[in-house]
Every structure is written in C-alpha cells, then in structure tokens.
Amino acid sequence: GIAMSARQQRNRIRMHLEQLRGITADTAVKTAIADWLEYFNDTNESRRTSDALAAALEACGEGGESGRLIAAVLERKDHIAKKTVWMFGGDGWAYDIGFSGLDHVIASGEDVNIFVFDTEVYSNTGGQSSKSTPTGAIAQFAAAGKEVKKKDLAGIAMSYGYVYVAHIAQGA
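This is a predicted model, so every value here is computed, not measured.

Undergrad: Even after reading the chapter, I still don't get the overall build of the protein chain, so can you show me in this structure?
TA: Scanning the protein chain for helices and strands turns up seven helices and two strands. When the helices and strands of the protein chain are placed in sequence order, the string is α-α-α-α-β-α-α-β-α. The C-alpha radius of gyration of the protein chain comes to 23 Å, more than 25% above the 16 Å expected for a compact globule of 172 residues. Dimensions of the protein chain, computed from the C-alpha atoms along their principal axes, are close to 75 × 30 × 25 Å.

Structural data, given as structure tokens:
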C-alpha cells in the first residue's frame, strides 16, 4: 500500500509537470522537467533530478496556470524523488501467516525490498517448529526432529523471474 501510494503521488506530479512543460516559458524549469522525466524510474538518479527540479520550480516566478501547476507539485515535494520501500518481517509472517499477502506483493511486480528475519522457528511461541524450520531440526513440538523439508521461500520468489534474492547468515 505504501509503495502504491508513493507511485500514485509521483504519477500525479508527472501529470502536472507534463502540463507545465507545455506552457512554461522558463527554460530552467523545462530542462529540469525533461531531466526528471528521463530518470523517473531510476532510483540512483532520482535524488539529483528531484533536487534540481524542486530548486527550479521554487525559483520560477510564473503565475497563472503555470503557477498553479508549480504549487501543486511543490505541495507534494516529499514525493518528487523515487522512494525505496522496505518491508521487514519475521519468518512466521513470511513463511506462514502472511505468506499469501507476501506472495501477492511479490507477484505484483511492485518495486519493493523485503527483508525476512528467518530464525527457523516461531520465536514468539518459545521456539516452536515452523515452515522455515529445516528438516531434522529439533524444536518445541518437534523433539524428534522436523520430518518435512523447509519451505523454499527464496525459490518461490525467484520463480516469478524478476525477483532478486540474497541470503546472509549472521556470524558467517
């Protein structure tokens, strides 16, 4: 939802800027708009082009329709730059209770980052075996060792073909 809201805000800004580009006489504003539009989806260039755009708009003294459009963009100044959206959650959320929602977000193609803290047990229940517990691991309610394999959350995510997955291990 946060990513969708940020995208909608930026799309509204883009609409205003495309209108402004067609009517403004200010060449600095036109140049800043063109640069911003060129790098609209580039997270690395977004800060630079957004700062330059905001400065050009703030320096522009045009009134009328141009002034109205500039004011509309500057009202949403916090949304000019492309946001990096992060989701953080534990393995109980990612592998189990929230999996369908997580899978929906991954399948949507939305540009988000997801960080899963995989403790390999349900930590909030005192270490109960979970879908992220590896085969043979001993946990509460799995004293003889877990009999089925660990859910392959990374493999499920990568199966969409456009998802990058990285694994890290604390202390490795």
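Text resumes after the structure shown.
Undergrad: Could you clarify how one ought to interpret the packing of helix 3 (residues 43–59) against helix 4 (residues 64–75) in this entry?
TA: Pairs of packed helices are described in terms of their axes, by the angle between the two and the distance that separates them. As a packed pair, helix 3 and helix 4 sit with axes 10 Å apart at the nearest point and diverge in direction by 140°. If you check the angle between helix 3 and helix 4, you find them oblique. In this structure, helix 3 meets helix 4 at a crossing whose hand is left-handed. Contacts between helix 3 and helix 4 pair A54, L57 and E58 from the former with I70, V73 and L74 from the latter. Broken down by class, the residue content of the contact of helix 3 with helix 4 amounts to five nonpolar, no polar and one charged.

Undergrad: Just checking my understanding: could you explain the packing of aromatic side chains for this structure?
TA: Each aromatic ring pair is characterised by the separation of its centres together with the angle its planes make. For the coordinates displayed, the defined rule picks out six aromatic pairs. Seen in terms of ring centroids, F115 and F117 are 4.6 Å apart; in terms of plane orientation they differ by 45°. Their pairing is tilted. Residue classification places F117 among the partly exposed residues on the basis of a relative accessible area of 45%. Through successive ring pairs, a cluster of aromatic residues spans W86, F88, F115 and F117. Positioned above the aromatic ring of F40 is the side chain of R10, whose terminal nitrogen or guanidinium carbon lies 4.1 Å from the ring centre. The ring of F40 has R14 lying over it, and the distance from NZ or CZ to the ring centre is 4.2 Å.

Undergrad: In this structure, what is going on with the nonpolar core? I would like to understand it.
TA: As a rule of thumb, nonpolar side chains are buried together in soluble globular proteins. In this structure, L17, L20, W36, L53 and L57 are the most contacted members of the largest nonpolar core, which totals 18 residues. Residue assignment for this core shows that the elements contributing at least two residues are helix 1 (2–23), helix 2 (27–38), helix 3 and helix 4. Leaving out residues up to four positions away in the same chain, L57 has contacts with L17, L20, V29, I70, V73 and L74. A94, F99, L102 and A157 belong to the second largest nonpolar core, which has seven residues in total.

Undergrad: So what exactly am I meant to see when it comes to the pattern of salt bridges here?
TA: Any two side chains of opposite charge can pair if their charged atoms end up close together. Taken as a whole, this structure holds nine salt bridges when the rule is applied. Of the charged contacts in the structure, one is a salt bridge between K77 and E58, with a shortest N-O distance of 2.5 Å. In this pair, K77 sits in the loop between helix 4 and strand 1 (85–90) while E58 sits in helix 3, placing the two residues 19 residues apart along the sequence. In this structure, the salt-bridge partner of K82 is D111, at a minimum N-O distance of 2.9 Å.

Each value, and the rule that gives it
Residues numbered from 1 in each chain as written. Predicted model: local features only at pLDDT ≥ 70, side-chain atom pairs only at ≥ 80, totals over all residues. Heavy atoms only, no water. Helix = DSSP H or I, 4+ residues; strand = E, 2+ residues; numbered from the N terminus. Rg over C-alpha atoms; globule rule 2.2 N^0.38 Å. Axes fitted to C-alpha atoms, helices over the stretch in contact; angles between N-to-C directions. Parallel < 35°, antiparallel > 145°, perpendicular 65-115°, else oblique. Left-handed = near helix turned anticlockwise from the far one by under 90°. Contact = heavy atoms within 4.5 Å. Nonpolar A, V, L, I, M, F, W, Y, C, P; charged D, E, K, R; others polar. Phe/Tyr/Trp six-rings, centres within 6.5 Å; stacked < 30°, edge-to-face > 60°. Buried < 20%, exposed > 50% of the residue type's maximum accessible area, 1.4 Å probe, protein only. Lys NZ or Arg CZ within 6 Å of the ring centre and 35° of its normal. Core = buried A, V, L, I, M, F, W, Y, C linked by side-chain atoms within 4.5 Å. Salt bridge = Lys/Arg side-chain N within 4 Å of Asp/Glu carboxyl O.

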